[in-house]
Amino acid sequence: MYNETPMTQKKRLQELVPPIDLAEFETHLLIRPVRMDDFDALVALQERCFPGMVTWNLEQIESQLRIFPEGQVCVEYDGQLVASSSSLIVDFDLYEAWHDWKVIADSGFIRNHDDHGDTLYGIEMMVDPEFRGLKLARRLYEARKQIARQHNLKRSIIAGRIPGFGQYSDQMGATEYVERVVAKKLFDPVLTVQLSNGFALRGLIPNYLPGDEASRGYATFLEWINLDHAPEPHRRFQAVTSVRLCLVQYMMRRVADFDEFAKQCEFIVDVGSDYKSDFVVFPELFTTQLLSLIHSERPALAARKLAEFTPQYLDLFGDMAIRYNVNIVGGSQFAVEGDDLFNISYLFRRDGTIKKQYKIHVTPNERRWWGVTPGNSVEVFDTDRGKVAILICYDAEFPELARVAAGKGAKILFVPFNTDERYGYLRVRHCAQARAIENQMYVAIAGCAGMMPFVDNADMHYAQCAVLTPSDFPFARDAVASESMPNIETIVVHDVDLELLRRNRIDGTVRPWTDRRKDLYTVRYNDPEHGPQEV
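Residues numbered from 1 in each chain as written. Predicted model: local features only at pLDDT ≥ 70, side-chain atom pairs only at ≥ 80, totals over all residues. Heavy atoms only, no water.

J.: It is not clear to me how the pairing of strand 11 (residues 333-337) should be interpreted in this structure. Could you clarify?
T.: A regular strand places its side chains so that they alternate between the two faces of the sheet. In terms of strand pairing, strand 11 meets strand 12 (residues 340-348) through 5 bridges, oriented antiparallel. Following the sheet pairing, Glu 337 is matched in strand 12 by Asp 340. Connecting the antiparallel pair strand 11 and strand 12 is a turn made up of 2 residues, with Gly 338 showing a positive phi of about 65 degrees. (Pairing = 2+ DSSP bridges. Helix = DSSP H or I, 4+ residues; strand = E, 2+ residues; numbered from the N terminus.)

Printed below as a string of structure tokens:
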């Protein structure tokens, strides 16, 4: 034994103490694409991560893997699926309802995935509770970031649960809770991890997942910016605010009662809501359809009886604005204030508030037949889609009013009108087009079609709805973005881009709004609330 060579000694020692089998200490953690045969494991993982919540179904996973397979990633831990991430690419400008998971994620089917989009949206991330603390979420977030870099995306957006909020909800609100988590005074098992992975908190979303008891239905809205993003070299403009308009070309017909009128209106609002419109615009005095219920020999008395329907009209349209989640320009309707009869256009905002614009210039026929009294102020309304104004029919033929509205910040001018023949219609149409050009704003006009036999001053109607624009290169040919066929029952749905207006006022071929010679002339407006003003 004493004559052993070093090699012999080494061999003998190896036989006494076998080499450590490193495989016994190894853990195999693999990040890989999700496969269809992972379905059962994914469902089991969801049940462990989100007890009581609805799990993926087979059709959703098939759709995700068919449409955007590289966005579906999972983590294997020693051959067991212990974490997963699902995502899709969207165009940031096309989505504003980030609070609505079903809309952004297409209810989990991601058929709205856009290879040409600029934003990676994470629809779900799961980490098995038994394997938390292994920074599996960090690995998945890094995988998402790499997808964003590979596709040259601008950002990644997520809406995350705040499951730690449940134990504090009787002590503080959700806003205070997330503020404390951001300040590192509290720990949340999801939000803390997301913040540590480079995401910035942009907002708080109530009722995101109502079934998420631990989060009390809340979610956070977070964003990660891809600093490696290279902008497209030839892209000049980017739509910042897209607004969808739905203009109603309303067919006048006799109705048996107010309920029949209400059903027609609700059908139209429902259609506009299905098209995800921001505004549904009815025509001026389309409510004169209700004159078919009124028996009076004197038109002036009939108009005042029509005004008796105004409370029902307000209740109907206010309710529809909330239920169908759409702002409604309710055409116009008569209302008696004091002893005066006014023609008023009501704006029903989808937050439940109601505003009004009086008709300022009364036509000779309105004065003669109905005894309408003119209003005295130009209103501009704040909405969730920017500032808007309403000029009722004849008012659009007076350029000073649109100047005042534009001076108060209106970018969209709604003109509900009611004309009986083509000459009258063209007066409104051509003047509305001029208002769009001279104020560099959008003008949307909506009118009534059809006939109401034997209803004085409301028997004949001529209309063609249209969305009118400034006349310059970024806008539609002929400065008409969209229009209907004349004198049929229909709607016009069209998107307008407020960013184009802003840029057109800065660098348009001509700039009628900014190039006004205010040293020579101004519009002096006697504001009833603020006194004399100049625009």
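Next, the rest of the story.
J.: I tried to follow helix 3 (residues 58-67) on my own but got confused; where do I start?
T.: A turn of α-helix holds 3.6 residues, and therefore any two residues three or four places apart point the same way. Gln 60, Ile 61, Ser 63, Gln 64 and Leu 65 are the residues of helix 3 that are buried. Residues of helix 3 that are buried make contact with helix 2 (39-49), strand 3 (80-90) and strand 4 (119-127). For helix 3, the side-chain oxygen to backbone nitrogen distance between the N-cap and Glu 59 is 3.1 Å, and the N-cap itself is Asn 57. (Buried < 20%, exposed > 50% of the residue type's maximum accessible area, 1.4 Å probe, protein only. Contact = heavy atoms within 4.5 Å. Polar contact = N/O pair within 3.5 Å; in protein donor to acceptor, adjacent residues only side chain to side chain.)

J.: Got a minute to help me understand unusual backbone geometry in this structure?
T.: Keep in mind that most residues, glycine aside, have a negative phi and that most peptide bonds are trans. A positive phi is found at Asn 152, a non-glycine position, where the angle reads about 55 degrees. Of note, Asn 152 is situated in the loop between helix 5 (136-150) and strand 5 (155-161). For Asn 152, a relative accessible area of 31% gives the class partly exposed. Phi angles above zero are rare outside glycine, and Lys 184 is one such case at about 65 degrees. Under the relative-accessibility criterion, Lys 184 is labelled exposed at 76%.

J.: What is the right way to look at the sheet that holds strand 2 (residues 73-77) in this model?
T.: Paired through their backbone hydrogen bonds, the strands of a sheet run either parallel or antiparallel. A sheet is described by the order of its strands in space; here 7 strands give the open sequence 1-2-3-4-5-7-6, paired in mixed fashion. The sheet is open, and its two borders are formed by strand 1 (29-33) and strand 6 (200-205), each paired with just one other strand. Adjacent strand axes in the sheet meet at a mean angle of 25 degrees, parallel and antiparallel pairs treated alike. Taken together, the 5 bridges between strand 2 and strand 3 define a ladder with antiparallel strand orientation. Bridge assignment links Val 75 to a residue of strand 3, and that residue is Ala 83. Of the strands in this sheet, strand 3 and strand 4 touch helix 2, which is tilted by about 95 degrees from strand 3. Each of strand 1, strand 2, strand 3, strand 4, strand 5 and strand 7 (219-225) touches helix 5; the most contacted strand, strand 4, lies at about 160 degrees to it. (Axes fitted to C-alpha atoms, helices over the stretch in contact; angles between N-to-C directions.)

J.: Is there a simple way to explain the packing of helix 8 (residues 258-274) against helix 10 (residues 310-323) in this structure?
T.: The axes of two packed helices give the description: the angle between them and the distance between them. One can describe the packing of helix 8 onto helix 10 by two numbers: an axis separation of 11 Å at closest approach and a directional angle of 25 degrees. Looking at the two axes, helix 8 sits roughly parallel to helix 10. As helix 8 packs across helix 10, the resulting crossing turns out to be right-handed. Counted together, Phe 258, Phe 261, Ala 262, Cys 265, Glu 266 and Val 269 of helix 8 and Gln 312, Tyr 313, Leu 316, Phe 317, Met 320 and Arg 323 of helix 10 form the full contact between these two elements. The class makeup of the residues in the contact of helix 8 with helix 10 is 9 nonpolar, 1 polar and 2 charged. (Parallel < 35°, antiparallel > 145°, perpendicular 65-115°, else oblique. Left-handed = near helix turned anticlockwise from the far one by under 90°. Nonpolar A, V, L, I, M, F, W, Y, C, P; charged D, E, K, R; others polar.)

J.: Help me understand the sheet that holds strand 15 (residues 386-390), please; the structure alone is not making it clear to me.
T.: Spatially, 14-15-16-17-20-21 is the arrangement adopted by the 6 strands of the open sheet, whose pairing is mixed. Bordering the open sheet on either side are strand 14 (380-383) and strand 21 (480-483), each of which pairs with just one other strand. Between one strand axis and the next, the sheet turns through 20 degrees on average, direction left out of account. Judged from the 3 bridges that link them, strand 20 (residues 466-468) and strand 21 form a sheet pairing that is antiparallel. Across the sheet, Ala 466 pairs through a bridge with Glu 483, a residue of strand 21.

J.: Looking at this structure, I do not really get the packing of helix 12 (residues 399-407) against helix 13 (residues 422-439). What am I missing?
T.: Here helix 12 crosses helix 13 at 40 degrees, and the two axes come no closer than 10 Å. By the angle class used here, helix 12 and helix 13 are oblique. Of the two elements, helix 12 crosses helix 13, and the hand of that crossing is right-handed. Across the interface between the two elements, Pro 399, Ala 402, Arg 403 and Ala 406 from helix 12 touch Arg 435, Glu 438 and Asn 439 from helix 13. Split by residue class, the contact of helix 12 with helix 13 holds 3 nonpolar, 1 polar and 3 charged.

J.: Would you mind showing me how to read the packing of aromatic side chains here?
T.: Here a ring pair, both rings aromatic, is described through the centre-centre distance and the interplanar angle of the planes. On inspection of all chains with the given rule, the structure shows 25 aromatic pairs. Seen in terms of ring centroids, Tyr 250 and Phe 282 are 6.4 Å apart; in terms of plane orientation they differ by 55 degrees. Their pairing is tilted. Of this pair, Tyr 250 sits in strand 8 (residues 242-252) while Phe 282 sits in the loop between strand 9 (279-281) and helix 9 (299-307), and the two are 32 residues apart along the sequence. Here the two residues Tyr 250 and Phe 282 agree in accessibility, since each one is buried. Ring plane angle 75 degrees and centroid distance 5.1 Å describe the contact between Tyr 394 and Phe 398, whose orientation is recorded as edge-to-face. Judged by its relative accessible area of 25%, Tyr 394 is partly exposed. Here the aromatic residues Tyr 250, Phe 258, Phe 261, Phe 282, Phe 286, Phe 309, Tyr 313, Phe 317, Tyr 346 and Phe 348 are joined through ring pairs into a cluster of three or more. Between the NZ or CZ atom of Arg 155 and the centre of the ring of Phe 92, over which it lies, the distance is 4.1 Å. Seen from the ring of Trp 513, Arg 516 lies directly overhead, with NZ or CZ sitting 3.7 Å from the centre. (Phe/Tyr/Trp six-rings, centres within 6.5 Å; stacked < 30°, edge-to-face > 60°. Lys NZ or Arg CZ within 6 Å of the ring centre and 35° of its normal.)

J.: Teacher, can you tell me more about the nonpolar core here?
T.: Grouped burial of nonpolar side chains is what soluble globular proteins tend to show. In terms of nonpolar packing, the biggest core is built from 59 residues, with Tyr 121, Ile 123, Met 126, Leu 136, Tyr 177 and Tyr 208 touching the most fellow members. Top element by residues in this core is helix 5. It accounts for 7 residues. Aside from chain neighbours lying at most four places away, what touches Ile 123 is Trp 56, Gln 64, Ser 86, Ser 87, Leu 88, Trp 101, Ala 105, Ile 110 and Arg 144. The next biggest cluster of nonpolar side chains, apart from the first, holds 55 residues, and it includes Leu 401, Phe 417, Ala 436 and Tyr 462. (Core = buried A, V, L, I, M, F, W, Y, C linked by side-chain atoms within 4.5 Å.)

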